[in-house]
Amino acid sequence: MLHVYGNKQNDLAKLLPLAFPLSETSLAPCTLLHNPAIICIIKSTIIPKMKFARSILILGAVLGMACACQRALPGVTNQYVPQKSAVAANSMVVTPHALATRAGLDVLEQGGNAVDATIAVHFAMAVVFPRAGNLGGGGFMVLRLGNGTTDALDYREKAPASAHRDLYLDSLGGVIKGLSTDGHLAAGTPGTVAGLIAAHQKYGKLDFKKLVEPAIRLAEAGFPVSSAEADRLNSFQPAFRKFNAQPNPFLKDNWKADDLLVQKELARTLRLIRDKGLAGFYAGETANEIVAEMQSGGGIVSHKDLENYESKWRKPLIGKYKDYKVISMPPSSSGGVALLQLLKMVEPYPLKQWGFQSKEAVHVMVEASRRVYADRSQYLGDSDFFPVPIDSLLNDRYLLKRMGDFNASKATSSEAVGAGNFKIAIESFETEHTSVVDADDNAVSVTTTLNSNYGCKVWVDGAGFFLNNEMDDFSVKPGVPNQFGLVGAEANAIQPNKRMLSSMTPTIVEKDGKLFMVLGTPGGSTIITTVFQVFLNVAEFGMDLEKAVNAGRFHHQWLPDLIMTERGTFNEATRQVLEGMGHHFQEVERIAVIKAILKLPDGRLHGVGDFRNPDDDARGD
Ligand code: DON
């Protein structure tokens, strides 16, 4: 069942100024329309019956009630409330934060295209979603224009020029715990600003300055933090204090929902980027501040690294799955290769007939994952430095052979597929994904990250943003797992100026030559299997997008040899059969946080944010 209230909400939101003045940073006063109870009333009883004149009055009453209800909801900010699902006729923006969605929609309303909107969202996210939105990180963008043209932009961070293979090892060759994840030395050279400028130069329509403005306003005036952000800020206070000697806006003893986060230093840096472009970040004051910060804490990003940083346009990876054309990210992300391998490996099996999360379907999907992640550890890395055998990895005959030892009634042991033995460490990871479609069917799927929450926790004094801890995505020592439990080898060893391997999988799907779906997610190693499952939930298991996103997930990554599941994902009987086949299980709180858009048969767009991130937000026009 689709929740067809998104466009209605938008229509209603346009009426709101009649009743309530909107502040610059609020979506709607009390964002009453996102209260599920109120939405329900509006959807089921009011909208179908009301005539326009009467509607204003009724709405006034409903809005008043909603404001009152909203204030009573614990943990939800009064200034904006995210909505998880929306259907709209023209355009759709799905992001991890309502204020960023608003920035994107405003740009579309001003005549910008999907790329413009994505850029505005990205800058706004650096302000309102500081745990993953960023200036100090990097990411990947996959595009499909309305005319069918596809493109991909790699603005992944790079290892600084003075980095080397053994950067995180002690004199005995042991890995120094925490060095690649926490503090100054964990940071790679940031790519986000270069990436956004490159995207604008090639595809942007509006003046770049306009796209940075919303972020500047949010940083300068401040915005009320959500309860999820407040919780996160509280839990990271010790780390902030450990790695930041100077005061900064994030240091505070007890963050609460609706507390105002003002970021004057960040506003200044954003203005420099607005006015000077690349030179506002990679040279001058900002570069000086980054390098001074590095030097104060043993980091190695230098002026030369910043000056030399370049994003790179790449040929998107395109593969077929039945009637679908899947467009995804090539290296330096492993996402596209792995996703296409997974799809091709399961394509010969009757998933639909077996049914959603049937023992047979789960078994074959897990066995494909086991083999794909084993390949990832061996063959995937930055293709500018290592000859990634993409064609061989995606070759039909190779993939058939790779599944040749698949046993329909027994789990293959990961040891037989490869080697290694370790325990996975589960942190609450953070990255952000944005999906945008504009009125001309231009679609953008972009995933960006600092890696961990607030990256390496180092806030650049003066410049006002957190730096990434992306160096941990390299294989710091062959066979030693990173924070996601992923192991690697030569292909992903540290080298100066090399990009560390990613799992980010921004993806766009076509059906019958037309736009079908835009999707992606944060989630470290689970990104790939989540994009895989959500796509199959729609394409094979016939779910609407909301169901597909909300369905329980599972994940296998070769090592450790176990199926991670979200609590309650399988029924007990299925789980027992799978255990009997030799599978092992580990329950986790949540796996990944999808943001997706589906083109409906009638041409409208259904946008869905994930309930797993309370701040996820989908809105259209
Ligand atoms: O590039 C990668 O694969 C990781 N750095 C992504 C990190 C991530 O998704 C963390 N968040 N959920």
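Draft legend 1. Region of the structure containing the overall build of the protein chain. Within the protein chain, the secondary structure is distributed over 22 helices and 19 strands. Burial status across the protein chain gives 63% buried among its 621 residues. Looking at the protein chain alone, contacts between residues at least 24 apart form 73% of all its contacts between residues at least 6 apart. Of the roughly 22000 Å² of accessible surface on the protein chain, a fraction of 54% belongs to carbon and sulfur atoms.

Draft legend 2. Region of interest: the pattern of salt bridges. Taken as a whole, this structure holds 43 salt bridges when the rule is applied. Salt-bridge contacts for R144 lead to E510; the nearest nitrogen and oxygen are separated by 2.7 Å. Here R144, found in strand 3 (residues 138-144), pairs with E510, found in strand 12 (residues 507-511); they are 366 residues apart in sequence, far enough to count as distant. Residue classification places R144 among the buried positions, given a relative accessible area of 3%. Across the pair D610 and R553 runs a salt bridge, and its minimum N-O distance is 3.1 Å. With D610 in the loop between strand 18 (605-608) and strand 19 (617-620) and R553 in the loop between helix 21 (545-550) and strand 14 (554-555), the pair connects residues that are 57 residues apart, well separated along the chain.

Draft legend 3. Seen up close, the site of the ligand. Near the ligand, the surroundings consist of 16 residues, among which T431, E470, D473, S502 and S503 are the closest. Take D473: an N or O atom from its side chain is 2.5 Å from a nitrogen atom of the ligand. Interatomic distance of 2.7 Å between a side-chain N/O atom of S502 and an oxygen atom of the ligand. Protein burial of the ligand: of its 340 Å² of free accessible surface, 98% is covered by the chains. Looking at side-chain class alone, the shell around the ligand contains 5 nonpolar, 7 polar and 4 charged residues.

Draft legend 4. Inspection of the pairing of strand 8 (residues 317-321) at higher detail. Alternating residues of strand 8 divide into L317, G319 and Y321, all buried, and I318 and K320, none buried. In terms of strand pairing, strand 8 meets strand 9 (residues 324-328) through 5 bridges, oriented antiparallel. Across the sheet, residue Y321 finds its bridge partner in strand 9, namely Y324. Count of turn residues in the strand 8/strand 9 antiparallel hairpin: 2 residues, of which K322 carries a positive phi of about 50°.

Draft legend 5. Just the confidence of the model for the protein chain, in detail. Predicted confidence across the protein chain gives a mean pLDDT of 87, with 85% of residues reaching 70 or more. Predicted confidence for residues 1-76 stays below pLDDT 50, and this span has 107 contacts to residues more than four positions away or in other chains. The model gives residues 419-427 a pLDDT under 50, and that stretch makes 21 contacts with residues more than four places away or in other chains.

Draft legend 6. Structural view of the environment of D438. Following the sequence through the fold, D438 ends up in the loop between strand 10 (432-437) and strand 11 (443-449). On the basis of relative accessible area, D438 is assigned to the buried category, the value being 3%. When the C-alpha positions of D438 and M92 are compared, they lie 6.5 Å apart, and in sequence the two are 346 residues distant. Beyond its immediate sequence surroundings of up to four residues, D438 is in contact with N90, S91, L108, N113 and A114.

Draft legend 7. Representation of helix 7 (residues 208-221) within the structure. Taking 1.5 Å as the rise per residue, helix 7 with 14 residues should run 20 Å; its terminal C-alpha atoms sit 21 Å apart, in good agreement. By the burial criterion, the buried members of helix 7 are F208, L211, V212, P214, A215, I216, L218 and A219. Each element contacted by the buried residues of helix 7 is listed here: helix 4 (98-109), helix 5 (114-128), helix 6 (192-203), strand 5 (223-224), strand 6 (260-261) and helix 10 (264-276). One or two steps after helix 7, the chain reaches G222, where phi turns positive at roughly 85°.

Draft legend 8. View of the packing of aromatic side chains. The final tally for this structure, using the stated rule, is 19 aromatic pairs. For the ring pair F123 and F208, a centre distance of 5.9 Å and an interplane angle of 75° mean the geometry is edge-to-face. With F123 in helix 5 and F208 in helix 7, this pair connects stretches of sequence that are 85 residues apart. Take F208: its relative accessible area is 11%, and that puts it in the buried class. Three or more aromatic residues joined by ring pairs make a cluster, and in this case those are F236, F240, F250, Y454 and F466. One residue, K202, lies across the ring of W313, its end atom 4.3 Å from the ring centre.

Draft legend 9. The environment of A539, seen in detail. Looking at the element boundaries, A539 is found in helix 20 (residues 526-539). Here the alpha-carbon distance between A539 and Y321, two residues 218 residues apart in the chain, equals 9.6 Å.

Draft legend 10. Spatial organisation of the sheet that holds strand 16 (residues 585-588). Taken in spatial order, the 3 strands line up as 14-15-16 in an open sheet, and their pairing is mixed. Each end of this open sheet is capped by a strand with a single partner; those strands are strand 14 and strand 16.

Draft legend 11. View of the sheet that holds strand 10. Taken in spatial order, the 7 strands make up an open sheet running 7-4-3-11-10-2-19, and their pairing is antiparallel. Every other strand in the sheet has two partners, leaving strand 7 (312-314) and strand 19 as the edge strands with one partner each. Along the sheet, successive strands turn relative to each other by an average axial angle of 10°, direction set aside. Relative to strand 4 (residues 150-155), strand 3 runs antiparallel, the two sharing 6 bridges. Bridge assignment links F140 to a residue of strand 4, and that residue is D154. Contacts between helix 6 and the sheet are confined to strand 3, strand 4, strand 7 and strand 11, with strand 4 contributing the most and set at about 155° to the helix.

Draft legend 12. Summary view of the side chain of E157. Summarising the element assignment, E157 is placed in the loop between strand 4 and helix 6. Of note is the side chain of E157, whose polar atom sits 3.0 Å from the backbone nitrogen of G138.

Draft legend 13. The packing of helix 16 (residues 359-379) against helix 20, seen in detail. At a closest axis distance of 11 Å, the pairing of helix 16 and helix 20 adopts a crossing angle of 145°. Helix 20 is crossed by helix 16, and the crossing has right-handed handedness. Contacts between helix 16 and helix 20 involve M365, S369, Y373 and R376 from the first element and I528, T529, F532, Q533 and L536 from the second.

Rules used in this analysis
Residues numbered from 1 in each chain as written. Predicted model: local features only at pLDDT ≥ 70, side-chain atom pairs only at ≥ 80, totals over all residues. Heavy atoms only, no water. Helix = DSSP H or I, 4+ residues; strand = E, 2+ residues; numbered from the N terminus. Buried < 20%, exposed > 50% of the residue type's maximum accessible area, 1.4 Å probe, protein only. Contact = heavy atoms within 4.5 Å. Areas by Shrake-Rupley, 256 points an atom, 1.4 Å probe, with all protein chains shown as cover. Salt bridge = Lys/Arg side-chain N within 4 Å of Asp/Glu carboxyl O. Near = heavy atom within 4 Å. Polar contact = N/O pair within 3.5 Å; in protein donor to acceptor, adjacent residues only side chain to side chain. Nonpolar A, V, L, I, M, F, W, Y, C, P; charged D, E, K, R; others polar. Pairing = 2+ DSSP bridges. pLDDT = per-residue confidence, 0-100. Expected span 1.5 Å × (residues − 1). Phe/Tyr/Trp six-rings, centres within 6.5 Å; stacked < 30°, edge-to-face > 60°. Lys NZ or Arg CZ within 6 Å of the ring centre and 35° of its normal. Axes fitted to C-alpha atoms, helices over the stretch in contact; angles between N-to-C directions. Left-handed = near helix turned anticlockwise from the far one by under 90°.

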